[in-house]
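A look at the structure
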Amino acid sequence: MKTILITGANTGIGLATAQTFVQDGHHVIIACRNPAKAEQAKQHLETFNAGKVDVIKLDLNNLQQVKETAEKILQNYSRLDVLVNNAGMMTPELETTVDGFEKQIGVNYLGPFLLTMKLLPLIQKSEQGRIIHLASMMHAMGRIQPEQFKADQVKKYNGVLSYANSKLANLLFSNALAKQLQGTHVTSNALHPGGVDSEIYRELPEWQYRVIKLFLIPPAKPAELIKRIAFSTEWKNKNGQYASLQTPAFRSAKAKDARLADQLHQQTLTLLAQYL
Ligand SMILES: NC(=O)c1ccc[n+]([C@@H]2O[C@H](COP(=O)([O-])OP(=O)(O)OC[C@H]3O[C@@H](n4cnc5c(N)ncnc54)[C@H](OP(=O)(O)O)[C@@H]3O)[C@@H](O)[C@H]2O)c1
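Residues numbered from 1 in each chain as written. Predicted model: local features only at pLDDT ≥ 70, side-chain atom pairs only at ≥ 80, totals over all residues. Heavy atoms only, no water.

Notes on empty space enclosed by the protein
Under the defined criterion, the tally for this structure stands at one cavity of 30 Å³ or more. Those elements that place two or more of their residues in the lining of the largest cavity are helix H4 (103-123), strand S5 (129-134) and helix H5 (159-181). A total of three residues in the lining of the largest cavity trace back to one element, the largest contributor, which is H5. Grouping the constituent residues of the lining of the largest cavity by class yields four nonpolar, four polar and one charged. (1 Å grid on protein atoms, 1.4 Å probe; cavity = no way out; pocket = protein on both sides within 12 Å on 5 of 7 lines; lining within 4 Å. Points joined across faces, edges and corners; volume = space filled by probe spheres on them. Helix = DSSP H or I, 4+ residues; strand = E, 2+ residues; numbered from the N terminus. Nonpolar A, V, L, I, M, F, W, Y, C, P; charged D, E, K, R; others polar.)

A closer look at the site of the ligand
Taken together, 30 residues lie around the ligand, and Asn10, Arg33, Tyr163, Ser198 and Tyr201 are the ones closest in. Measuring from an oxygen atom of the ligand, one finds a backbone N or O atom of Val196 at 2.7 Å. Separating an oxygen atom of the ligand from a side-chain N or O atom of Arg202 is a distance of 3.2 Å. Protein chains shield 98% of the accessible area of the ligand, which is 900 Å² for the free molecule. Of the pockets mapped on this structure, the ligand occupies the largest pocket. Residue assignment for the shell around the ligand shows that the elements contributing at least two residues are helix H1 (12-23) and H5. (Near = heavy atom within 4 Å. Polar contact = N/O pair within 3.5 Å; in protein donor to acceptor, adjacent residues only side chain to side chain. Areas by Shrake-Rupley, 256 points an atom, 1.4 Å probe, with all protein chains shown as cover. Sits in = over half its atoms within 2 Å of the grid points.)

Description of the packing of aromatic side chains
A full pass over the atoms with the stated rule returns five aromatic pairs. Ring centres 5.6 Å apart and planes at 80 degrees place the aromatic pair Phe21 and Phe231 in the edge-to-face group. Taken together, the residues span a long stretch of sequence, with Phe21 in helix H1 and Phe231 in helix H7 (residues 220-231) at a distance of 210 residues. Since its relative accessible area comes to 0%, Phe21 is described here as buried. Judged by centre distance (5.8 Å) and plane angle (65 degrees), the rings of Tyr109 and Phe113 are edge-to-face. Residue Tyr109 and its partner Phe113 are located together in helix H4, separated by four residues, close to a single helical turn. With respect to burial, Tyr109 and Phe113 carry one shared label: buried. Through successive ring pairs, a cluster of aromatic residues spans Tyr109, Phe113, Phe149 and Phe173. Above the plane of the ring of Phe101 lies Lys150, whose end atom (NZ or CZ) is 4.3 Å from the centre. (Phe/Tyr/Trp six-rings, centres within 6.5 Å; stacked < 30°, edge-to-face > 60°. Buried < 20%, exposed > 50% of the residue type's maximum accessible area, 1.4 Å probe, protein only. Lys NZ or Arg CZ within 6 Å of the ring centre and 35° of its normal.)

Considering unusual backbone geometry
With a phi angle near 50 degrees, Asn49 is a residue other than glycine that sits in the positive phi range. Turning to its location among the elements, Asn49 is positioned in the loop between helix H2 (35-46) and strand S3 (52-57).

Quick word on the environment of Leu269
Along the chain, Leu269 turns up in helix H8 (residues 258-271). For the pair formed by Leu269 and Ala230, sequence separation is 39 residues and the distance between their alpha carbons is 26 Å. Not counting the four nearest positions on each side in its chain, Leu269 is found in contact with Phe113, Met117 and Leu276. (Contact = heavy atoms within 4.5 Å.)

With respect to the pattern of salt bridges
Taken as a whole and assessed by the stated rule, the structure comprises 12 salt bridges. Where Glu71 meets Lys118, a salt bridge forms, and the shortest distance between an N and an O atom there is 3.0 Å. Here Glu71, found in helix H3 (residues 63-76), pairs with Lys118, found in helix H4; they are 47 residues apart in sequence, far enough to count as distant. Given a relative accessible area of 12%, Lys118 falls into the buried group. Overlapping salt bridges bring together Lys67, Glu71 and Lys118 as one network. (Salt bridge = Lys/Arg side-chain N within 4 Å of Asp/Glu carboxyl O.)

So, the nonpolar core
Core analysis: the biggest nonpolar cluster contains 49 residues, and Leu5, Leu80, Leu83, Tyr109, Leu115, Leu119 and Ile131 have the highest contact counts within it. For this core, the element with the most residues is H4, which contributes 12 residues. For Leu5, the residues in contact, after removing those within four places along its chain, are Ile29, Ala31, Ile73, Leu80, Val82, Leu83, Val84 and Leu115. Grouped together as the second largest cluster of nonpolar side chains are 29 residues, Phe21, Ala38, Leu45 and Val196 included. (Core = buried A, V, L, I, M, F, W, Y, C linked by side-chain atoms within 4.5 Å.)

Some details on the environment of Tyr77
Inspection of the secondary structure assignment puts Tyr77 in the loop between H3 and strand S4 (82-85). For Tyr77, a relative accessible area of 17% corresponds to the buried category. Sequence separation of Tyr77 and Thr233 is 156 residues, and the distance between their C-alpha atoms is 26 Å. Every residue in contact with Tyr77, bar those within four places of it in the chain, is listed here: Thr3, His27, Ile29, Asp54 and Leu122. A polar contact is formed between the side chain of Tyr77 and the side chain of Asp54, at a distance of 2.7 Å.

See the structure below:
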């Protein structure tokens, strides 16, 4: 029985992934911001009468909260085999995290970065630790602008581009971490899950959602890919890779830029130093 932590596992890709792992008899910790939704997901997962499900509260919008959640996990578990950084959001409006960051970079990148770095010692206790990041093909439109991470420093807000920036940051984080972990028994890989029918499109106008829904795949598809990345022999020695459903695993030049990845990693460590 492996111990697997999935963020944002109360719905969408996270819930489908939790279901796949629970059905295989694993111990799944679902880390969610909304306790009522998390409890509902737990009840659903327990209907399979397999594996084990724990719930932990995690709000990626609040760095102090992320730190406290990570510390609770470090206290309560003796090892972590798989971390799936799944939780994410999209918003067309310029919004702010509790710490004053633009919300998409804060929730999609800074919070997961902090959680991962805090949990790394626990993942290193696993015989084969796996860190899996939900990035997106949208990273190709992204740019890294740490000087605009704070919401009050954003010059011209565009919700789609800001989401793309956060997904590029996810991919660069995965790469920088993979480099750091090279030669160890822990790997870091990222994926584009395809266009997936989930609640992430909740902010879209109804007619737009109806159109794109025609091309969306069910969350069970990326859940299978995440399981392969975590446990298949094909992925055993892959580190710093990027997989994609529906589209070729194309990585933009920025996403392949090792210097940019290292730079962003160092800048983020400095930015989050008080929580690490
Ligand atoms: N769906 C797609 O087509 C697609 C394509 C490319 C990449 N992705 C990526 O796949 C991942 C999963 O997306 P999804 O499609 O399954 O979306 P979803 O159905 O909207 O699920 C997102 C999950 O993230 C959680 N979350 C949002 N803000 C949070 C916060 N501040 N703290 C903790 N959890 C938070 C949500 O919690 P609540 O339920 O409480 O809101 C939910 O559990 C995301 O990283 C997304 O960027 C999705």
